[in-house]
Amino acid sequence: MLYESTRDKNSRLTSMDAIKQGISKEGGLFVPEAFPRLGTEDLSDLAAGDYTMRARHILKLFLSDYKEEDIDRCIEAAYVNGAFPPGVAPVVSLCPGLDVLELWHGPTCAFKDMALQLLPHLMTTAIRATGEQKEIVILTATSGDTGKAALEGFRDVEGTRIIVFYPVHGVSSMQRLQMITQKGRNTKVIAVEGNFDDAQSGVKSIFGSDLDDRLDKAGYRLSSANSINWGRLVPQIVYYFSAYLDLINQGRIKKWQTVNVVVPTGNFGNILAAYYAKRMGLPLGRLICASNRNNVLTDFISTGVYDINRIFYKTTSPSMDILISSNLERLLYELSERDTDFVSGLMRELKERGRYKVDGQLLNRLNDLFWGSYADEGQTRATIKDTFEKYGYTLDPHTAVGKFVYDQYRLQTGDTTETILVSTASPFKFPAEVLKALGYEGDVPDEAACLEDLSRVTGVPVPAPLESLSHSEVLHKDVCSREGMKQALLSYLKL
Ligand SMILES: *Cc1c(COP(=O)(O)O)cnc(C)c1O
């Protein structure tokens, strides 16, 4: 299986090169040249296996230049010897017609772990197989969840180092605590005086600078664990297959019956993986795209106009506070029948005018596949409370956005098809907000202090990785200015 760029007809790469490189030179994203199809016989075979068996099968279809035993080893390291419990991503029934796919049983309690526990192993395997001798230095700017998940994923992975820059005032206190207590002999966390944009543009300017030569001579090579890397998307296809097959095994659905999915969406990676699974023959129906107040995708799906000239809101579902959903480019590529000129044109318009429009057949295709809506802050809060009172199940704010949008979908379309609600974070990652939604007002001096309260109220134990946080030693205290990021990197590498 080879990979091509969404903006360049002539690009053709192996999966190892696509994963090593991350993004194509002209700015396009790597996509598989075709989607393997799984028939009902394949699905029956996969239904008999566990999560890792399903992952091995699907990854081997896409990563055909990797040795099979290497893929087995990567999956073992990520999902068996790593921090996931058996079952990896369980599906639990919430109410008639709706099942919750819990993607937050990894080490950081958010769904980014599903991909970021595996990516470091895929990347180091690719690097070694292609004869790269250098130590890989992963640079990441984070607004919260990605940084911690990348740190955990790369922690103590041979031949790599990871450096995360986070904005001093741009992350929640839980997220900060998670990062500054990070263990691992190859991890480094640095606070940047500024907001997320400052940290992000600082990292970008390091990538674009004249450092390459100097790092090269010292035996380092810079790379990124950004969410547009194909190595972060492919692990996400697996859990849609796995959840569907679990529902069959549990007798919740009949064999090969159609199921809808609803996905709390930000950068469009998670829901795109659902679309890819559908293309591969998984019987998925409507892909329901749930946004928070930053509802640029809701508008796009209903009107065909993608327009980022609007107010950016900070919400209680921060991982969905995004206006430019990068992975949408990969969908546009498929919906335009892989027209690189068309996609390049739209992305140019987005960059220059912050807006583009699609219509006609492409918009029809989009609407056949997707349905979109959003929840505001009050609706999100009410959904957390209502779901807890009705079903005794606690949703985090991101998943609550998904649940609200699902209710809207059912109401407006009358479609009662069995639906998988993709749950992207543990409620314990946002304890103060969830407690407030459940009706426990009061001063919250310190988010970590809310963990016990939330546990008492919900009867759910605090997840182990979060429980130990408040007694963990602070290991990372460095702070730098925006201009000082490059120097901070160099000092860490002793250059
Ligand atoms: C990253 C994230 C999302 C958004 O996922 P995308 O793949 O970017 O659409 C939703 N919820 C949580 C908790 C996340 O961390």
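Remember, predicted model here, so these are calculated numbers, not experimental data.

Draft legend 1. Region of the structure containing the packing of helix 7 (residues 145–154) against helix 8 (residues 173–180). The N-to-C vectors of helix 7 and helix 8 enclose an angle of 25°; their axes lie 9 Å apart at closest approach. Accordingly, the angle class assigned to the pair helix 7 and helix 8 is roughly parallel. Of the two possible hands of crossing, helix 7 and helix 8 adopt the one that is left-handed. Residues Asp145, Gly147, Lys148 and Leu151 of helix 7 touch helix 8, and the partners they reach there are Gln175, Gln178 and Met179. Partitioning the contact of helix 7 with helix 8 into residue classes produces two nonpolar, three polar and two charged.

Draft legend 2. Seen up close, the site of the ligand. For the ligand, the set of nearby residues contains 15 residues, the closest of which are Lys112, Gly266, Asn267, Asn270 and Thr424. At a separation of 2.6 Å, an oxygen atom of the ligand approaches a polar side-chain atom of Lys112. Protein coverage of the free-state accessible area of the ligand, which is 380 Å², stands at 96%. Here the residues of the shell around the ligand sort into five nonpolar, eight polar and two charged.

Draft legend 3. Representation of the sheet that holds strand 1 (residues 3–5) in the model. Spatial strand order, 2-1-3: three strands in an open sheet with antiparallel pairing. A single partner strand is all that each edge strand has here, and the edge strands are strand 2 (8–13) and strand 3 (30–32). When the angles between neighbouring strand axes are averaged without regard to direction, this sheet yields 35°. Inspection of the sheet shows strand 1 paired to strand 2 by two bridges, in the antiparallel sense. Paired with Ser5 across the strands is Asp8, a residue of strand 2.

Draft legend 4. Examining the nonpolar core more closely. The biggest cluster of nonpolar side chains holds 149 residues, and the ones touching the most others in it are Phe62, Leu63, Trp230, Ile237, Tyr240, Tyr356 and Phe370. Contact partners of Tyr240, with chain neighbours within four places excluded, come to Val261, Val263, Asn270, Ile271, Ala273, Ala274, Ala277, Leu282 and Val422. In terms of nonpolar packing, the next biggest core, distinct from the first, is built from 21 residues, Ile163, Cys480, Met485 and Ala488 among them.

Draft legend 5. Structural detail: the side chain of Ser423. Tracing the backbone through its elements, the reader meets Ser423 in strand 15 (residues 419–423). Discounting residues that sit within four places of it in the chain, Ser423 has contacts with Val100, Leu101, Glu102, Leu103, Trp104 and Thr399.

Draft legend 6. Inspection of the state of the cysteines at higher detail. For the structure on display, the rule yields zero disulfides. No disulfide involves Cys450; its sulfur sits 16 Å from that of Cys109, the nearest cysteine.

Draft legend 7. Quick look at the pairing of strand 8 (residues 187–193). Taking burial as the measure, the seven residues of strand 8 include six buried ones, the bulk of the element. As judged from the six bridges shared by strand 7 (residues 160–167) and strand 8, these two strands associate in the parallel manner. Of the residues in strand 8, the one forming a bridge with Tyr166 is Ala191. As a crossover connection, the stretch from strand 7 through helix 8 into strand 8 is right-handed. In this sheet, strand 16 (residues 479–481) lies alongside strand 8 in parallel orientation, the contact comprising three bridges. Looking at the pairing, Val192 lines up with Cys480 of strand 16.

Conventions used here
Residues numbered from 1 in each chain as written. Predicted model: local features only at pLDDT ≥ 70, side-chain atom pairs only at ≥ 80, totals over all residues. Heavy atoms only, no water. Axes fitted to C-alpha atoms, helices over the stretch in contact; angles between N-to-C directions. Helix = DSSP H or I, 4+ residues; strand = E, 2+ residues; numbered from the N terminus. Parallel < 35°, antiparallel > 145°, perpendicular 65-115°, else oblique. Left-handed = near helix turned anticlockwise from the far one by under 90°. Contact = heavy atoms within 4.5 Å. Nonpolar A, V, L, I, M, F, W, Y, C, P; charged D, E, K, R; others polar. Near = heavy atom within 4 Å. Polar contact = N/O pair within 3.5 Å; in protein donor to acceptor, adjacent residues only side chain to side chain. Areas by Shrake-Rupley, 256 points an atom, 1.4 Å probe, with all protein chains shown as cover. Pairing = 2+ DSSP bridges. Core = buried A, V, L, I, M, F, W, Y, C linked by side-chain atoms within 4.5 Å. Buried < 20%, exposed > 50% of the residue type's maximum accessible area, 1.4 Å probe, protein only. Disulfide = S-S within 2.5 Å. Right-handed = clockwise from strand over helix to strand, strands pointing away.

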